[in-house]
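Read off the chains here:
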Amino acid sequence: MAQAPELKLVPTPGQTIGPFYGYALPFEKDNELASQANPNSVRLHGVITDGNGEVIPDALLEIWQADEHGKVVSRDGSLVRDGYTFTGWGRVAVDNVGHYTFTTVNPGPTEEGKAPFIMLTVFARGLLNRLFTRIYLPEDTKALANDPLLASLSEAERSTLIATREQDGSLRFDIRLQGENETVFLSYPRES
Amino acid sequence: MSTGTTHQDGTEAESFANSHLLDPAATTASQDEISGEIADIHEAYRQEVLAGKKAETQPRIDFAPYRSSLLRHPTKNLHHADPETIELHSPAFGQRDVHALESDLTIQHNGEPIGERIVVAGRVLDGDGRPVAGQLVEIWQANAAGRYIHKRDQHPAPIDPNFTGVGRAITGPNGEYSFTTIKPAPYPWKNHHNAWRPAHIHFSLFGTDFTQRMITQMYFPGDPLFALDPIYQSITDAKARDRLVATYDHSLTSHEWATGYNWDIVLTGSNRTWMEDEEGEH
C-alpha cells in the first residue's frame, strides 16, 4: 500500500467520555440494529473488563458493520429505529456488570473471500481516548487465515479479535482493556 | 431523573447528606502531588521533543495522574491496520434523526434555565480541511451550578428543572454547527483531594470514515483550573491542549441575548479518497 498523504490540519485531541453521558448518548433501541423478530437476527454480546479483570460498568460501545450481503449501507434513521431499516450502526451503554448486547445480523464479506468483521469502538470513564478494534466472525476459517491484519498478529493476539459462536447462534466477544489476553486495539493511517 | 435518593437498582442509598464523603483510597493524593506528577510527565515530554520527537496531538491513554486511567488503558501499542471497506465509510444521519430544535438546550422545558446563555458555534472539518457535512454532533454538559442530570452525580449543587444539558445537531453543508446553551460551571470530582474539573462541554463527533469517530471536551478560555486538571493535562503538548479551548467571538454574541464562543473541530484524515484513487490507478 502506498504512503498515506500528509494531513493539512492537525486533529483535535480526544478526551474521556466521563461518567455522565447517560441522558445524552443512549436512545431507544440504540443496540437493536435488527429487530429481534427478524429471523436472521443474531445476538452479539460480551463483557468488558479492566486490568484487574474487574468488569467496567460505565463503558459505552458502538458497532458499525455491513449488512448480511456484505453491502455497506448509507441510511439515516439510526436514532429513530423503525424496526425495518438496517443502518449498520448501533450503540450500547454496558450494564452494571459490564455486559453488553447488540441485536444485529451477521455481516457478509464486503468482497469475495474477505473475512467478515464488525467494527467496534470503545469509550469509558478512565479511558482518555476512544479505542477501535474488529470483531471477526469465526466461521470462514480460510478467509480468516488470509486476513492481512490477523496474519500480522500472534496466535494469542489473533484470538482476541475473533468472536465465539455460541450454541444458540449468538456471537460472544469479550473486551479486555488491559492485562491477560488484552484485546488488540487498532490504529489507522492519517491519525496525526 | 434521580435526585440522589431514589434507587430502583437496589444499590445503597446515596444522598446529599453523605455526598461529601469521598472514597478514601481515591482521595489520598493532594493537588500538589497530582500537579507534581503532571509536571514530571510534561517535562519528560518536553525533553523528548527537544531531542527531535514528533509533537503529540492526542492525550496519553496511560496517564497516572488521572487515577481512573490506571487499569483502563491497553498496555500494548495500538496495532496498525490498513482500513478495509467498512472502515472507509461512516453511518449516515439526517434530519429524520435529529430535530432542528434539539440544538437549543435552553428550550427543552417549560421555563428558562438559570445561568449565562451562550452560543457555541463552529465547523467540523477533516484532516484535509474538508467540511464534514450532514453529520451528527452530540453534546452534554453540567448546568450553571456544575451539576449533571445523572444519578451518579452527587455534587450537592442544585439541579435546574429547566436544564437537562443534552443537545444534538446535524452539521450544515460547510460542516457548521451551532448550539444555544447555558455556560456550564466547574464541578468537584474524586480523582484526588479537592479535585475540580474546568468547565467543559462534551462533544461526540462522526466523520466520513468511522475511523474518524471521536469524543472530546470543549473548554472555555482562561479557566484557572486548566493547570490542575489531569484529564486536560493528559494532552502533554501545549498547542494540542489549546485546540480544545473555544474562542470568545463577539460576532457570535447577539444583542441583549447571548454571548458567543467559536470552536472548530478537526477529525483525523479520511482514508477513503486516497485509497480509492490508488485503487483506480491499477
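Where an unreviewed UniProt entry is consulted, chain B appears under the name Protocatechuate 3,4-dioxygenase subunit beta, with the organism given as Glutamicibacter nicotianae. The Sequence similarities (unreviewed entry) comment attached to chain B in UniProt states, word for word, "Belongs to the intradiol ring-cleavage dioxygenase family."

With an unreviewed UniProt entry as reference, chain A is termed Protocatechuate 3,4-dioxygenase subunit alpha, source organism Glutamicibacter nicotianae. In UniProt, chain A has this text filed under Sequence similarities (unreviewed entry): "Belongs to the intradiol ring-cleavage dioxygenase family."

Q: Can you walk me through the overall build of chain B in this structure?
A: Looking only at helices and strands, chain B has three helices and 12 strands in total. A burial count over chain B gives 43% of its 282 residues as buried. Taking as baseline every contact in chain B between residues at least 6 positions apart, the subset at least 24 positions apart corresponds to 74%.

Q: Would you mind showing me how to read the pairing of strand 2 (residues 59-64) of chain A here?
A: Remember that side chains alternate between the two faces of the sheet whenever the strand is regular. Residues and elements named next belong to chain A. With six of its six residues buried, strand 2 lies for the most part within the structure. Burial of the side chains of strand 2 extends over both faces: Ala59, Leu61 and Ile63 are buried on one face and Leu60, Glu62 and Trp64 on the other. Pairing of strand 2 with strand 5 (residues 117-124) involves six bridges; the strand directions are antiparallel. For Ile63, the partnering residue across the bridge sits in strand 5 and is Leu120. Relative to strand 3 (residues 89-93), strand 2 runs antiparallel, the two sharing five bridges.

Q: What am I meant to see in the UniProt feature "domain: Intradiol ring-cleavage dioxygenases" (unreviewed entry) in chain A here?
A: The UniProt record annotates "domain: Intradiol ring-cleavage dioxygenases" (unreviewed entry) at residues 18-179 of chain A. The span residues 18-179 of chain A shows a helical share of 9% and a strand share of 29%, and its end C-alpha atoms are spaced 22 Å apart.

Q: Explanation requested: the sheet that holds strand 4 (residues 166-170) of chain B in the structure shown.
A: Strand pairing in a sheet relies on backbone hydrogen bonds, with the paired strands running either antiparallel or parallel. Residue and element names in this part refer to chain B. Read from one edge of the open sheet, four strands run 4-3-8-9, paired in antiparallel fashion. Two strands bound the open sheet, and with one partner strand each, they are strand 4 and strand 9 (214-219). Strand after strand, the sheet turns through a mean of 20 degrees between neighbouring axes, direction not considered. Note: strand 3 (residues 136-141) against strand 8 (residues 200-205), five bridges, orientation antiparallel. When the bridges of strand 8 are listed, Val137 appears paired with Leu205.

Q: How do you make sense of the confidence of the model for chain B when you look at a structure like this?
A: Detailed reading of the predicted coordinates is not advisable wherever pLDDT falls low. Residue and element names in this part refer to chain B. The predicted model of chain B has a mean per-residue pLDDT of 91, with 89% of residues at 70 or higher. Scored below 50 in pLDDT, residues 1-22 makes 19 contacts in the model with residues more than four places away or belonging to other chains. Per the prediction output, this complex has pTM 0.94; the corresponding ipTM is 0.98.

Q: Which parts of the structure should I look at to understand the UniProt feature "domain: Intradiol ring-cleavage dioxygenases" (unreviewed entry) in chain B?
A: In this structure's numbering, the residues bearing the UniProt feature "domain: Intradiol ring-cleavage dioxygenases" (unreviewed entry) are residues 120-148 of chain B. The straight-line gap between the two end C-alpha atoms of residues 120-148 of chain B is 19 Å; of that span, 0% is helix and 41% is strand.

Q: Any chance you could explain the interface of chain A and chain B here in plain terms?
A: As a measure of interface size, the accessible area lost when the parts come together is often cited. With 71 residues of chain A in contact, the opposing surface of chain B contributes 70 residues. Counting only elements with at least two residues in the side of chain A that touches chain B, the list comes to strand 5, strand 6 (131-136), helix 2 (148-151) and strand 10 (186-187) of chain A. Counting residues per element, the side of chain A that touches chain B draws most heavily on strand 5 of chain A, which supplies four residues. Partitioned by chemical class, the residues of the side of chain A that touches chain B number 39 nonpolar, 22 polar and 10 charged. Direction of pairing for strand 10 of chain A relative to strand 1 (residues 79-80) of chain B: parallel, over a ladder of two bridges. Among the inter-strand pairings, A:Leu186 is bridged to a residue of strand 1 of chain B, identified as B:His79.

Q: Is there a simple way to think about the pairing of strand 11 (residues 259-262) of chain B in this case?
A: Residues and elements named next belong to chain B. Two elements, strand 2 (residues 117-125) and strand 11, share four bridges in a ladder whose sense is parallel. The partner of Ala121 across the bridge, within strand 11, is Asn262. Here strand 10 (residues 247-248) pairs with strand 11 via two bridges, running antiparallel. Looking across to strand 11, one finds that Tyr248 is bridged to Tyr261.

Q: Explain helix 1 (residues 31-50) of chain B here, please?
A: Residues three or four positions apart in an α-helix share a direction because the helix packs 3.6 residues into each turn. Taking 1.5 Å as the rise per residue, helix 1 of chain B with 20 residues should run 28 Å; its terminal C-alpha atoms sit 28 Å apart, in good agreement. B:Gly52 occupies a position one or two residues after helix 1 of chain B and carries a positive phi of about 105 degrees.

Q: What am I meant to see in the nonpolar core here?
A: Generally speaking, a soluble globular protein has its nonpolar side chains buried in company with each other. Counting 104 residues, the largest nonpolar core has A:Ala59, A:Leu61, A:Val122 and B:Val120 as its most contacted members. Examining the composition of this core, we find that seven residues originate from one element, strand 5 of chain A, more than from any other. In contact with A:Leu61, not counting residues within four places along its chain, are A:Val92, A:Val94, A:Tyr100, A:Leu120 and A:Val122.

Q: It is not clear to me how unusual backbone geometry should be interpreted in this structure. Could you clarify?
A: Most peptide bonds adopt trans geometry, and most residues besides glycine take a negative phi value. In this structure, A:Lys29 takes a positive phi of about 60 degrees despite not being glycine. In this structure, A:Lys29 sits in the segment before strand 1 (41-49). The exposure class assigned to A:Lys29 is partly exposed, which follows from the 15 C-beta atoms found within 10 Å. You will see that B:Asn194, though not glycine, has its phi angle at about 60 degrees, which is positive.

Q: Whenever I open this one, the environment of A:Thr110 confuses me. Can you help?
A: Residue and element names in this part refer to chain A. By the secondary structure assignment, Thr110 is in the loop between strand 4 (99-105) and strand 5. The exposure class assigned to Thr110 is buried, which follows from the 21 C-beta atoms found within 10 Å. Taking C-alpha positions, Thr110 is 34 Å from Val97, a pair spaced 13 residues apart along the chain.

Q: I'm lost on the environment of A:Tyr136 in this one. Help?
A: All names here are of chain A. Tracing the sequence through the fold places Tyr136 in strand 6. Placed 73 residues apart in sequence, Tyr136 and Ile63 show a C-alpha to C-alpha distance of 12 Å. When neighbours within four sequence positions are excluded, Tyr136 is seen to be in contact with Ala115, Phe117, Leu144, Leu161, Ile162 and Ala163.

Conventions adopted
- Residues numbered from 1 in each chain as written.
- Chains lettered and ligands numbered in written order.
- Predicted model: local features only at pLDDT ≥ 70, side-chain atom pairs only at ≥ 80, totals over all residues.
- UniProt positions renumbered as here; feature names shortened; annotations may be inferred.
- Helix = DSSP H or I, 4+ residues; strand = E, 2+ residues; numbered from the N terminus.
- Buried ≥ 20, exposed ≤ 12 C-beta atoms within 10 Å, placed from the backbone.
- Contact = placed C-beta atoms within 7 Å.
- Pairing = 2+ DSSP bridges.
- Axes fitted to C-alpha atoms, helices over the stretch in contact; angles between N-to-C directions.
- pLDDT = per-residue confidence, 0-100.
- Nonpolar A, V, L, I, M, F, W, Y, C, P; charged D, E, K, R; others polar.
- Expected span 1.5 Å × (residues − 1).
- Core = buried A, V, L, I, M, F, W, Y, C linked by C-beta atoms within 7 Å.

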